[in-house]
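Structure at a glance
For reference, the chains in residue letters:
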Amino acid sequence: MTSPKSLHGVNYAPITMTSTKSLHGVNYAPPRSFGTVLKANLKETLFPDDPFHEFKNEKLSIRILKGIQYFVPIFQWLPKYNLGLFKYDLLSGITIASLAIPQGISYAKLGDLPPIIGLYSSFVPPLIYAIFGSSRHLAVGTVATCSMLIAETIQQKVKPQENMPLYLSLFYTATLVSGLVQTALGVLRLGFLVDFLSHSTITGFMGGTALVICLQQLKGMLGLKHFTSHTDVVHVLRALFENRKEVGKLSKGINPPSLHLLNFSPEYISVAVKAGIITAIISLAEGIAIGRSFSILDNEQIDGNKEMIAIGLMNIVGSFTSCYLTTGPFSKTAVNHNAGCKSQMSNVVMSMCMLLTLLFLAPLFGYTPLVALSAIIMSAMLGLIDYEKAYHLYKTDKFDFLICMAAFFGVAFISMDMGLILSVGLALVRALLYVARPPTCKLGTITNTAFRDIEQYPGSNGTPGMLILKLGSPIYFPNSNYVRERILRWVRDEQSLANSKRNEIEYLLLEFGGVTSIDITGVETLFEVRRCLAATSIKMILINPRLGVMEKLIVTKFIDVIGKESVFLTIEDAIENCRFSLKCLSQSKSKDVEIA
């Protein structure tokens with residue numbers, strides 16, 4: 001015959017260098033080079049959104065222009081800006097400025113800072129964000145959580161009442177550290193690190209922090225002159241009962257420079273770095289999550305990495321201009337959105353309003369009663385205790401509820417950073433459990449072409465003489481022992497069931513579509529499984545191995561050991577081939593019996 005031999009439509013012609021390198025339709029092309037694989041993996045890790053796809057086929061001048069617009073978003077929206085949009089942003093900007101003034105003063109006092117620092121922090125950072133930020137809804141300002149967290153961390157080393165200049169310099173230094181960390185995460189496109197703060201962790205942390213902050217405000221509400229520097233519930237309540245028997249001046253002028261106040265002394269830098277790193281992650285998680293939430297309402301998308309750079313730059317510049325940590329607070333962003341903002345210009349308007357306040361009106365706010373500031377903080381914080389979300393977590397996922405409660409009670413009864421550590425630790429334990437104990441399932445047939453998990457579909461049928469297993473995760477060193485033991489346990493259980501039905505297992509079919517990667521330990525595990533199966537005369541069949549997995553199996557010679565004829569594209573192809581082999585084997589045995 002001149003045409004290639006085939007079976008079931010599969011080309012079995014001899015494989016040569018000029019012919020297609022395939023058998024059963026499976027691609028056996030030579031593995032890609034290390035450089036190619038590394039480039040592909042880095043691109044997928046750092047640029048999953050393919051941000052430069054619009055630039056590829058353009059002229060150099062257009063690519064440069066679009067590149068500038070991409071990295072500095074103001075050049076994208078400002079040329080299209082008009083008076084019709086400005087009237088909405090003017091209203092939004094004035095509205096959020098009216099909220100920023102009392103909040104800025106209140107949150108500065110929450111961090112035991114001079115109240116004027118809160119106003120400074122709503123003047124410069126919004127201008128920076130308007131240039132580099134990608135969200136038109138996010139309204140920049142200080143937040144209670146980070147104000148409290150930085151204060152608690154720095155006060156472990158320096159008390160504001162003992163040395164306010166040093167305390168203030170460490171606040172600026174921590175802000176600089178936060179900005180550098182945030183900018184680095186954005187430039188290196190490591191935004192996925194923020195995802196380690198799960199939704200459950202943020203819910204519990206915000207609720208616990210809100211409770212602590214509300215209790216702290218009892219000092220102002222009750223007019224106490226002595227209080228505790230600790231933030232946990234026990235110390236606060238003790239101070240409240242011990243002192244049960246019992247507004248700063250705001251001067252005019254814009255932000256003075258504070259670059260010379262940054263403190264990198266070895267004695268104090270550790271607390272500044274600690275406060276800076278922790279609040280960098282928390283403020284990023286809060287700011288990006290809030291920006292995305294309001295963008296989704298308008299069917300828009302924001303770039304998380306660009307947001308990191310924008311928030312980082314405004315904190316770097318802020319640390320040079322007497323500002324402390326800022327991000328996108330929920331309350332101010334919600335007001336900005338509801339007031340009808342159309343662009344980042346609303347932040348510019350707010351900044352100009354703060355400029356006028358600093359130049360002409362600041363002294364008037366020195367008469368704001370302390371009890372009013374405490375009331376403003378408490379009213380804002382009570383809305384952060386999300387009882388409904390906690391109850392929803394309890395009803396839907398008990399482990400997520402445990403993570404949430406660890407953050408809540410850790411913050412409330414121990415400390416903010418310890419609550420965060422406990423919650424993130426539990427979340428990582430859960431992730432490690434998923435890694436170390438990946439899902440596997442036995443597949444049965446619902447119809448001739450539908451193979452599904454037999455636990456999910458109890459009525460599905462097995463295939464005589466075969467055990468079909470689906471592996472649903474990468475196979476590598478943390479889970480390889482479990483994968484081996486689980487496969488062999490499936491085989492053992494199936495053999496016991498098969499022996500009772502006098503239906504001997506001849507083939508183990510492993511569906512590899514869900515195995516996204518495999519390391520050397522994982523490959524050695526497959527060798528071990530094959531040896532164990534060979535001892536009981538069971539043959540291993542692989543189905544649909546993915547590109548990276550196939551390359552590793554080729555270079556480690558595993559494919560040579562099991563044979564290319566043992567690798568198939570689909571379960572149907574594998575079953576048909578195995579049935580053909582079983583039929584031939586059965587006929588051969590019958591002939592042997594007849595001859596005997």
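Residues numbered from 1 in each chain as written. Predicted model: local features only at pLDDT ≥ 70, side-chain atom pairs only at ≥ 80, totals over all residues. Heavy atoms only, no water.

A closer look at the overall build of the protein
Helix and strand counts for the protein stand at 24 helices and 10 strands. The buried share among the 596 residues of the protein stands at 48%. Accessible surface, the protein as shown: approximately 29300 Å² in total, 62% of it carbon and sulfur. (Helix = DSSP H or I, 4+ residues; strand = E, 2+ residues; numbered from the N terminus. Buried < 20%, exposed > 50% of the residue type's maximum accessible area, 1.4 Å probe, protein only. Areas by Shrake-Rupley, 256 points an atom, 1.4 Å probe, with all protein chains shown as cover.)

Section: the packing of aromatic side chains
All told, the structure shown has nine aromatic pairs when counted by the stated rule. Aromatic pair tyrosine 476 and phenylalanine 477: ring centres 6.2 Å apart, planes at 80°, arrangement edge-to-face. One aromatic cluster is present, formed by Tyr167, Phe171 and Tyr324 through successive ring pairs. It is lysine 398 that lies over the ring of tyrosine 394; its NZ or CZ is 4.7 Å from the centre. (Phe/Tyr/Trp six-rings, centres within 6.5 Å; stacked < 30°, edge-to-face > 60°. Lys NZ or Arg CZ within 6 Å of the ring centre and 35° of its normal.)

As for unusual backbone geometry
In terms of backbone geometry, most residues other than glycine have negative phi values and most peptide bonds are trans. For aspartate 112, which is not glycine, the phi torsion reads 60° and is therefore positive. Secondary-structure assignment places aspartate 112 in the loop between helix 4 (83-110) and helix 5 (115-120). Aspartate 112 gets classed as partly exposed once you look at its relative accessible area, which sits at 35%.

Re the pairing of strand 7 (residues 466-471)
Within a regular strand, the side chains alternate between the two sheet faces. Of all six residues making up strand 7, five are buried, and the element is well covered by its neighbours. Looking at chain direction, strand 5 (residues 440-445) and strand 7 are connected through three bridges and run antiparallel. Bridge pairing links threonine 440 to leucine 471 in strand 7. The pairing of strand 7 with strand 8 (residues 507-511) spans five bridges and is parallel. Directly across from methionine 466, in strand 8, lies its bridge partner tyrosine 507. (Pairing = 2+ DSSP bridges.)

Here's the deal with the pairing of strand 9 (residues 539-543)
For strand 9, the tally of buried residues reaches four of five residues, placing the bulk of the element in the interior. Alignment of strand 8 against strand 9, held across five bridges, turns out to be parallel. Looking across to strand 9, one finds that leucine 508 is bridged to methionine 540. For the handedness criterion, the β-α-β arrangement of strand 8, helix 21 (residues 520-535) and strand 9 is classed as right-handed. Across two bridges, the pairing between strand 9 and strand 10 (residues 567-568) is parallel. Residue pairing for strand 10: leucine 542 is matched across the bridge by valine 567. (Right-handed = clockwise from strand over helix to strand, strands pointing away.)

What to know about the environment of isoleucine 288
Position of isoleucine 288 relative to the elements: it lies in helix 12 (residues 269-297). With 19 residues separating them along the chain, isoleucine 288 and glutamate 307 place their C-alpha atoms 6.8 Å apart. Residues within four places of isoleucine 288 in sequence aside, it is in contact with Ile302, Gly304, Glu307 and Met308. (Contact = heavy atoms within 4.5 Å.)

Let's talk about the pattern of salt bridges
Applying the stated criterion across every chain, the model contains seven salt bridges. One salt bridge in this structure joins lysine 470 and glutamate 511, with 3.1 Å as the shortest N-O distance. Taken as a pair, lysine 470 in strand 7 and glutamate 511 in strand 8 lie far apart in primary sequence, 41 residues in all. When its relative accessible area of 32% is taken as the criterion, lysine 470 is described as partly exposed. Put simply, glutamate 528 and arginine 484 hold a salt bridge, and the shortest N to O gap is 3.0 Å. Linking glutamate 528 in helix 21 with arginine 484 in helix 20 (residues 480-500), this pair joins segments that are 44 residues apart in sequence. (Salt bridge = Lys/Arg side-chain N within 4 Å of Asp/Glu carboxyl O.)

Comments concerning the UniProt feature "transmembrane region" (unreviewed entry) in the protein
Mapped onto this numbering, the UniProt entry gives "transmembrane region" (unreviewed entry) at residues 85-101, 113-132, 166-190, 196-215 and 399-429. A helix fraction of 100% and a strand fraction of 0% characterise residues 85-101, whose end C-alpha atoms lie 25 Å from each other. Counting secondary structure, residues 113-132 comes out at 75% helix and 0% strand; the distance between its end C-alpha atoms is 28 Å. (UniProt positions renumbered as here; feature names shortened; annotations may be inferred.)

Brief notes about helix 6 (residues 124-132)
Every α-helical turn comprises 3.6 residues, leaving residues that sit three or four positions apart pointing alike. Within helix 6 the residues assigned to the buried category are Val124, Pro125, Pro126, Ile128, Tyr129 and Ala130. Those residues of helix 6 that are buried lie in contact with helix 3 (74-77), helix 5, helix 13 (304-320) and helix 15 (345-361).

Quick notes on the sheet that holds strand 6 (residues 451-453)
Strand order across the open sheet formed by six strands is 6-5-7-8-9-10, with mixed pairing between neighbours. Since the sheet does not close on itself, it has two edges, and those belong to strand 6 and strand 10, each with one partner. Pairing of strand 5 with strand 6, which is carried by three bridges, proceeds in the antiparallel orientation. When the sheet's bridge partners are listed, threonine 445 is paired in strand 6 with phenylalanine 451.

A few points about the nonpolar core
Leu113, Ile117, Phe171 and Phe205 are the most contacted members of the largest nonpolar core, which totals 69 residues. Looking at this core element by element, the count peaks at nine residues for helix 8 (residues 164-187). Apart from the residues within four sequence positions on either side, leucine 113 is in contact with Ala108, Tyr167, Leu168, Phe171 and Tyr324. Counting residues in each nonpolar core, the second largest holds 32 residues, with Val491, Ile518, Val523 and Ile559 among its members. (Core = buried A, V, L, I, M, F, W, Y, C linked by side-chain atoms within 4.5 Å.)

Some points on the packing of helix 4 against helix 15
Orientation of helix 4 relative to helix 15, taken along the N-to-C sense of each, is 50°, at an axis distance of 7 Å. Judged by the angle between their axes, helix 4 and helix 15 are oblique. Helix 15 is crossed by helix 4, and the crossing has right-handed handedness. Touching Phe86, Asp89, Leu90, Ser92, Gly93, Ile94, Ile96, Ala97, Ala100 and Ile101 of helix 4 are Met345, Ser346, Val349, Met350, Cys353, Met354 and Thr357, all from helix 15. For the contact of helix 4 with helix 15, the residue count by class is 12 nonpolar, four polar and one charged. (Axes fitted to C-alpha atoms, helices over the stretch in contact; angles between N-to-C directions. Parallel < 35°, antiparallel > 145°, perpendicular 65-115°, else oblique. Left-handed = near helix turned anticlockwise from the far one by under 90°. Nonpolar A, V, L, I, M, F, W, Y, C, P; charged D, E, K, R; others polar.)

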